[in-house]
Amino acid sequence: MSSTWNDADPHGPRASQSRQVHASRGGTSSQDLQRYRAGVTAEFDPFAATGNWFAQHFYENYRVGQTFLATQTGTLTSVEATTVRRPLDEYASQKPQDPVPFTMELYALSATGVPTGSALASGVLAYEDAQFNTIFITFKTIGMSPVELVAGESYAIVGNALPSVELYHWYSKCGPGDAVATGNLYPDGCLIIDSGQGWAEEQAYDLGFRVNVDPIAATVPVPGALALSLIGVGLVRSRRWR
């Protein structure tokens, strides 16, 4: 279902690509991390994790997604994903290809931890989008329709390019050994795949993703300040009635 290579392979072309992409993003200084996380409710950055890369394929009728835990409440603005575009004629022998856009959707989760109901939000990235004009694996930003995400709630982002075949890949990562115990690099969710027969979880794998929100600021007053303000109001009223 996926192709793979290891970060440790110094001669692997894709391993070299991942290192160059990481460098092009300016490293991972504390200032960079703070800037990225200020409006980020959930993320898994595969460039900052050690392990094995896997290209998740969009076969016919396939949907591929990632579950995640929201860490801050806010209005959804965009989703970033480590997707790449494939040439239109690469799989033309299997199925004629049209420049189908890459669609991203957000879902609530069922009691069993898989997407349920209708999509809560969606966004589209055109096949011709300039973000795909690179040979490297990079985060692509997909603008999403607004919906409020609540801190502490779990959701799923789901990508598809129906009805195309292999027109896109979404890159994931697994820790050493491909086992859940060592491979679960993002503990608050996992890769999920729907091959047309229902959702299946792949606990050892995580897709590269970032969910961006416009944070909703808390408006609960500090108890001490509230008490002082009420006392002040009482004093003003008592003086007015003297």
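If you're wondering where the values come from, they're calculated on a predicted model, not measured in any experiment.

1. Describing the overall build of the chain
Next, step 1: When its secondary structure is counted, the chain shows four helices and 16 strands.
Next, step 2: Expressed as a percentage of the 242 residues in the chain, the buried residues total 45%.
Next, step 3: Within the chain, contacts between residues at least 6 apart in sequence are counted, and of these 78% link residues at least 24 apart.
Next, step 4: About 12300 Å² of surface is accessible on the chain, with carbon and sulfur atoms providing 55% of the total.

2. Digging into the pattern of salt bridges
Next, step 1: Under the criterion given, the structure shown has three salt bridges.
Next, step 2: Two residues, E43 and R210, come together in a salt bridge whose shortest N-O distance is 2.8 Å. Of this pair, E43 sits in strand β2 (residues 40-44) while R210 sits in strand β16 (residues 209-215), placing them 167 residues apart in sequence.
Next, step 3: For E43, a relative accessible area of 19% gives the class buried.

3. Some words on the environment of G74
Next, step 1: Here G74 shows up in strand β5 (residues 74-81).
Next, step 2: Judged by its relative accessible area of 0%, G74 falls in the buried class.
Next, step 3: Leave out the neighbours within four places in its chain, and G74 touches V147, E148, L149, V213, D214, P215 and I216.

4. With respect to the environment of A161
Next, step 1: Within the element layout of this structure, A161 appears in the loop between β11 (154-160) and β12 (168-174).
Next, step 2: Residue A161 is classed as buried on the basis of its relative accessible area, which comes to 3%.
Next, step 3: The spacing of A161 and Y62 is 99 residues in sequence and 8.3 Å in space, taken between C-alpha atoms.

5. Topic: the packing of aromatic side chains
Next, step 1: This structure, assessed with the given rule, holds 12 aromatic pairs.
Next, step 2: Here the aromatic rings of Y186 and F209 are separated by 5.4 Å at their centres, their planes lie at 85°, and the arrangement is edge-to-face. With a gap of 23 residues between them, Y186 in the loop between α3 (180-183) and β13 (191-194) and F209 in strand β16 connect regions that are remote in the sequence.
Next, step 3: Site record: aromatic cluster; members linked through ring pairs are F58, F102, Y127, F132, Y168 and W170.
Next, step 4: Over the face of the ring belonging to F139 we find R210, whose NZ or CZ atom lies 4.5 Å from the ring centre.

6. Examining the confidence of the model for the chain
Next, step 1: Within the chain, residue pLDDT values average 78, and 69% of them lie at 70 or more.
Next, step 2: Of the regions scoring below 50 in pLDDT, residues 218-222 engages in one contact with residues more than four places distant in sequence or in other chains.
Next, step 3: Taken as a whole, residues 224-242 scores under 50 in pLDDT and shows one contact with residues more than four places along the chain or in a different chain.

7. Re the pairing of strand β14 (residues 199-202)
Put simply, side chains in a regular strand alternate between the two faces of the sheet.
Next, step 1: Relative to β14, β13 runs antiparallel, the two sharing four bridges. Looking across to β14, one finds that I192 is bridged to E201.
Next, step 2: Hairpin remark: β13 followed by β14, antiparallel, with four residues in the connecting loop; positive phi at G196, about 100°.

8. Structural notes on the sheet that holds β11
Next, step 1: With antiparallel pairing, six strands are arranged side by side in an open sheet as β8-β7-β11-β4-β13-β14. The strands lining the two open edges of the sheet, one partner per strand, are β8 (115-125) and β14. If you compare each strand with its neighbour and ignore which way they point, the axes differ by 25° on average.
Next, step 2: Taken together, the six bridges between strand β7 (residues 102-109) and β11 define a ladder with antiparallel strand orientation. For L106, the partnering residue across the bridge sits in β11 and is I157.

9. Quick look at unusual backbone geometry
Next, step 1: The step from L162 to P163 runs through a cis peptide bond, and the omega angle for that step is 5°.
Next, step 2: Along the chain, P163 falls in the loop between β11 and β12.
Next, step 3: With a phi angle near 70°, N61 is a residue other than glycine that sits in the positive phi range.
Next, step 4: With respect to the secondary-structure elements, N61 resides in the loop between β3 (52-57) and β4 (63-69).
Next, step 5: Positive phi is not limited to glycine here, since E166 has a value of about 60°.
Next, step 6: With respect to the secondary-structure elements, E166 resides in the loop between β11 and β12.
Next, step 7: Judged by its relative accessible area of 5%, E166 is buried.

Quick notes on the rules
Residues numbered from 1 in each chain as written. Predicted model: local features only at pLDDT ≥ 70, side-chain atom pairs only at ≥ 80, totals over all residues. Heavy atoms only, no water. Helix = DSSP H or I, 4+ residues; strand = E, 2+ residues; numbered from the N terminus. Buried < 20%, exposed > 50% of the residue type's maximum accessible area, 1.4 Å probe, protein only. Contact = heavy atoms within 4.5 Å. Areas by Shrake-Rupley, 256 points an atom, 1.4 Å probe, with all protein chains shown as cover. Salt bridge = Lys/Arg side-chain N within 4 Å of Asp/Glu carboxyl O. Phe/Tyr/Trp six-rings, centres within 6.5 Å; stacked < 30°, edge-to-face > 60°. Lys NZ or Arg CZ within 6 Å of the ring centre and 35° of its normal. pLDDT = per-residue confidence, 0-100. Pairing = 2+ DSSP bridges. Axes fitted to C-alpha atoms, helices over the stretch in contact; angles between N-to-C directions.

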